[in-house]
Amino acid sequence: MLIIPTTSSVSVGTVDMELAGIYNTAGWSLGVAIDGNYAYIANEDNGLVIVNISDPCAPMVEGIYHTDGDSEDVAIDRNYAYIADNYKGLVIVNISDPTNPTLAGSYDTSGYSQDVVIHGNYAYIADYFNGLVVVDISDPTDPTLAGSYDTDGISLGVAIDGNYSYIADKDNGLVVIDVSNPTNPTLAGSFDTNGESRGVTIKRNYAYIADKDNGLVVVDVSDPTDPTLASSYDIHAWSQDVVIDGNHAYLANWNKGLVVIDVSDPTDPTLAGSYDTDGNSLGVAIEGNYAYIADEDNGLVVVDVSDPTDPILASNYYKDGESLGVAIEGNYAYIADEDNALVVVDVSDKTDPTLAGSYDTAGSSFGIDIDENYAYIADDYKGLVIVDVRDPTNPTLAGSYDTVGYSRDVKVADDYAYIADFSNGLVVIDVSDPTDSTLVGSYDTAGSSLGIAIDGNFAYIADGHNGLVVVDVSDPNAPMLAGRYDTDGYSCGVTVSGDYVYVADHQNGLVILKQNLLLLDWNPWNNDDSEGSTVITTDELQEAIHCWLNDMSAPDTNAEITTDRLQALIHYWVNGLEMPEEAE
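Residues numbered from 1 in each chain as written. Predicted model: local features only at pLDDT ≥ 70, side-chain atom pairs only at ≥ 80, totals over all residues. Heavy atoms only, no water.

1. A closer look at the overall build of the protein
And step 1. For the protein, the count of helices and strands is three helices and 47 strands.
And step 2. Counting every position in the protein, which comprises 584 residues, the buried fraction comes to 56%.
And step 3. For the protein, the exposed surface amounts to about 24,500 Å²; the carbon and sulfur share of it is 41%. (Helix = DSSP H or I, 4+ residues; strand = E, 2+ residues; numbered from the N terminus. Buried < 20%, exposed > 50% of the residue type's maximum accessible area, 1.4 Å probe, protein only. Areas by Shrake-Rupley, 256 points an atom, 1.4 Å probe, with all protein chains shown as cover.)

Below you can see the structure in the form of structure tokens.
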């Protein structure tokens, strides 16, 4: 299992050794739960593995408890780990001393336990052909059967919301069970997803179902007795990166290659054309009539998109490695290559690209941007690496900066490098002197920052499960949250064009957002009678604090004063900045 650090306190020197020496186990890590400074891993053949992550740069195994079954999933509640142990049912391990986990109790569910969640004094188990099993864990040393419900399908996933249990029941779709009385679960409703439901999560009034080949299915469960289809998206591939050129969005779409979307009407995007590369497309750049695709182990693929409805192969350059990102400058393609770092390809003849030069960064290059004579490389655990490419045939190291995270993408603007640093969020580096780069500021996005775009005073960050995060970088020393949008997918790449933000949202495809609607888009008193117009005044700030403390809306505009918005108002007031214009 690969464990990714989840804080910004990392030390590059020990990460690889720990990962190689500890986590290349014989078992398959199928589930993980985090509690305090520990990660609890359901490791199939190896049972429960407890890892100390208090220092993310050096995760250490604290303890292991070998179960007798195949550990599929784990949930933590106080001093106990509850393990869905396949044919051994529910296994409860005392983890009060993580260095010495001991058996507390167990319950044989008679099925094949696949997933488990804890709610109150009960463990709810998706028990394969045995349906839902509810176990009373009020005494973890003596768990007893509370109730069960045979779903008729094969229960693979379970979620709890209020008095209802939601089961991903494979061919049987979504099954909703009333567990207001855990000793007597009863059917509340069901919905046939038309696929194979394998996992489920609940958010507000919607159930989001991983439905295998049917993609993502969203079911409205505001009335749990009558679930109805809200929407679905047929996920043909996983969108990894996106760029805009003219009226078209070009997506690096994993095993489906290059996909071209007509966005002349961003409210109604339509498929224009596609080209299936032979690899897994992870990055894309457009220059003139050509799309340059970082196609993982298939190298660089050059596609003629002079007719976006009929993309055709121009050429393919393969160098043993894994191409993850690409940038074009003049007659050269600069490739972020995981194994080979920076690879420079001469593409002056689009039909016959040739190697110009390369530079080994010592890390794993994920993203790249070119500014003047330098290539700025997001080099994973090596942070930012800056390479002098004035002579593309002989690139040389200019400088570097250890971001202490896992750098995945980078964009350069006005002497600053803005880095999507995975769990470390946004990192801003002063690169006015590329040979001596320095940290300026940072912002913890709370997600997994994978892609970044800069437009004016704002950084747009593709933040994994956290969606799109917009950060105000008008003062690079003090980046501040400007807005956020939950894409309901896994945001991997982002680009901005005109009034729209285009997000490559993995299994959710292309998500298009109106730019000005993403911002904390108001001064609550930003109207014709406002004292400060677009500048927040002291009196207005005091009134905003009053509204926030008393859970009141702004009297002039009825705007809700949330914590994020109050923080933004304070930021603009302290720095004397103008608020973004009100969204129309």
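And the narrative resumes.
2. Some words on the environment of asparagine 550
And step 1. In this structure, asparagine 550 sits in the loop between α2 (538-549) and α3 (563-575).
And step 2. Sequence separation of asparagine 550 and isoleucine 561 is 11 residues, and the distance between their C-alpha atoms is 9.9 Å.

3. A few points about the pattern of salt bridges
And step 1. In this structure the tally under the stated criterion is five salt bridges.
And step 2. The closest approach of N and O atoms between arginine 390 and aspartate 388, which form a salt bridge, is 2.4 Å.
And step 3. Classification of arginine 390 as exposed rests on a relative accessible area of 55%.
And step 4. Note on aspartate 388: relative accessible area 11%, which makes it buried.
And step 5. Close ionic contact of lysine 411 with aspartate 409 constitutes a salt bridge, the shortest N to O distance being 3.4 Å.
And step 6. A relative accessible area of 25% places lysine 411 in the partly exposed class. (Salt bridge = Lys/Arg side-chain N within 4 Å of Asp/Glu carboxyl O.)

4. Topic: unusual backbone geometry
And step 1. Despite not being glycine, glutamate 372 has its phi angle at roughly 55 degrees, a positive value.
And step 2. For glutamate 372, the position within the fold is in the loop between β33 (367-371) and β34 (374-378).
And step 3. In the Ramachandran plot, aspartate 414 falls in the positive-phi region, its phi being about 50 degrees despite a non-glycine side chain.
And step 4. Inspection of the secondary structure assignment puts aspartate 414 in the loop between β37 (409-413) and β38 (416-420).

5. A look at the sheet that holds strand β13 (residues 157-161)
And step 1. Taken in spatial order, the four strands line up as β13-β14-β15-β16 in an open sheet, and their pairing is antiparallel. Among the strands making up the open sheet, the edge pair consists of β13 and β16 (186-191). Recorded for the sheet is a direction-independent mean angle of 20 degrees between the axes of neighbouring strands.
And step 2. Both strand β14 (residues 164-168) and strand β15 (residues 174-178) contribute to a ladder of five bridges, which runs antiparallel. (Pairing = 2+ DSSP bridges. Axes fitted to C-alpha atoms, helices over the stretch in contact; angles between N-to-C directions.)

6. Focus: the sheet that holds strand β41 (residues 451-455)
And step 1. Read from one edge to the other, the open sheet built from four strands follows the order β41-β42-β43-β44, with strand pairing classed as antiparallel. Bordering the open sheet on either side are β41 and β44 (480-485), each of which pairs with just one other strand. Ignoring which end each strand starts from, the neighbouring axes of this sheet average 20 degrees apart.
And step 2. Pairing between β41 and strand β42 (residues 458-462): five bridges, direction antiparallel. Note on β42: the bridge partner recorded for aspartate 455 is phenylalanine 458.

7. Description of the packing of aromatic side chains
And step 1. Inspection of every chain in the model, using the stated rule, returns six aromatic pairs.
And step 2. Here the aromatic rings of tyrosine 38 and tyrosine 40 are separated by 6.3 Å at their centres, their planes lie at 50 degrees, and the arrangement is tilted. Of the two residues examined, tyrosine 38 and tyrosine 40, each falls in the buried class.
And step 3. Centroid distance tyrosine 332 to tyrosine 334: 6.5 Å. Interplanar angle 50 degrees. Geometry classified as tilted.
And step 4. On the basis of relative accessible area, tyrosine 332 is assigned to the partly exposed category, the value being 21%.
And step 5. Given the relative accessible area of 3%, tyrosine 334 is considered buried.
And step 6. Following the ring pairs from residue to residue traces out a cluster consisting of Tyr112, Tyr128 and Phe129. (Phe/Tyr/Trp six-rings, centres within 6.5 Å; stacked < 30°, edge-to-face > 60°.)

8. Comments concerning the nonpolar core
And step 1. Formed by 14 residues in total, the largest nonpolar core has its most connected members in Tyr40, Leu48, Val74, Ile76, Ala81, Val93 and Ile95.
And step 2. Looking at this core, the elements with two or more residues in it are β2 (38-42), β3 (48-52), β5 (73-77), β6 (80-84) and β7 (90-94).
And step 3. The element that contributes the greatest number of residues to this core is β2, accounting for three residues.
And step 4. Not counting residues within four places of it along the chain, the set of residues in contact with tyrosine 40 comprises Gly31, Val32, Ala33, Asp35, Leu48, Val49, Ile50, Val74, Ile76, Ile95 and Pro98. (Core = buried A, V, L, I, M, F, W, Y, C linked by side-chain atoms within 4.5 Å. Contact = heavy atoms within 4.5 Å.)

9. Re α2
Residues three or four positions apart in an α-helix share a direction because the helix packs 3.6 residues into each turn.
And step 1. For α2, with 12 residues, the first-to-last C-alpha span of 17 Å sits near the 16 Å given by 1.5 Å per residue.
And step 2. Burial in α2 covers these residues: Glu540, Leu541, Ala544 and Cys547. Looking down the long axis of α2, one finds its buried residues gathered within 120 degrees of arc, a one-sided arrangement. Exposed side of α2, more than 90 degrees from the buried face: Gln542 and Leu549 are the residues found there. (Expected span 1.5 Å × (residues − 1). Arc of directions from axis to C-beta.)

10. Things to note about the environment of aspartate 171
And step 1. Along the chain, the position of aspartate 171 falls in the loop between β14 and β15.
And step 2. Excluding residues that lie within four positions of it along the chain, aspartate 171 makes contacts with Asp192, Gly195 and Glu196.

11. Let's talk about a nonpolar patch on the surface
And step 1. On the surface, Tyr87, Tyr112 and Phe129 cluster together into a nonpolar patch covering about 300 Å² of accessible area.
And step 2. Looking at the element boundaries, tyrosine 112 is found in the loop between β8 (102-107) and β9 (115-119).
And step 3. Here tyrosine 112 falls in the partly exposed class, since its relative accessible area comes to 34%. (Patch = residues over 30% accessible without salt bridge, like charges linked within 9 Å, V, L, I, M, F, W, Y side chains within 5 Å.)

12. As for the confidence of the model for the protein
And step 1. Per-residue pLDDT for the protein has a mean of 82; in total, 83% of the residues score no lower than 70.
And step 2. When the elements of the protein are averaged for pLDDT, helix α1 (residues 12-22) gives the smallest value, 27, and strand β11 (residues 132-136) the largest, 98.
And step 3. Within the model, the stretch residues 1-26 combines pLDDT values under 50 with 52 contacts to residues more than four positions away or in other chains. (pLDDT = per-residue confidence, 0-100.)

13. Side note on the pairing of strand β47 (residues 510-514)
And step 1. Extensive coverage of β47 is indicated by the burial of four of its five residues.
And step 2. Two strands pair when backbone bridges link them, and strand β46 (residues 500-504) and β47 are joined in this way by five bridges, in the antiparallel orientation. If you follow tyrosine 500 over to β47, its bridge partner there is lysine 514.
And step 3. From the end of β46 to the start of β47, which pair antiparallel, there are five residues, and histidine 506 there has a positive phi angle of about 55 degrees.

14. Regarding the environment of glycine 425
And step 1. Locating glycine 425 in the fold gives a position in the loop between β38 and β39 (426-430).
And step 2. On a C-alpha basis, the gap between glycine 425 and glycine 405 in space is 8.3 Å, while along the polypeptide they are 20 residues apart.
And step 3. When sequence neighbours within four positions are dropped, the list of residues in contact with glycine 425 reads Ile419, Ala420, Tyr443, Thr445 and Ser449.

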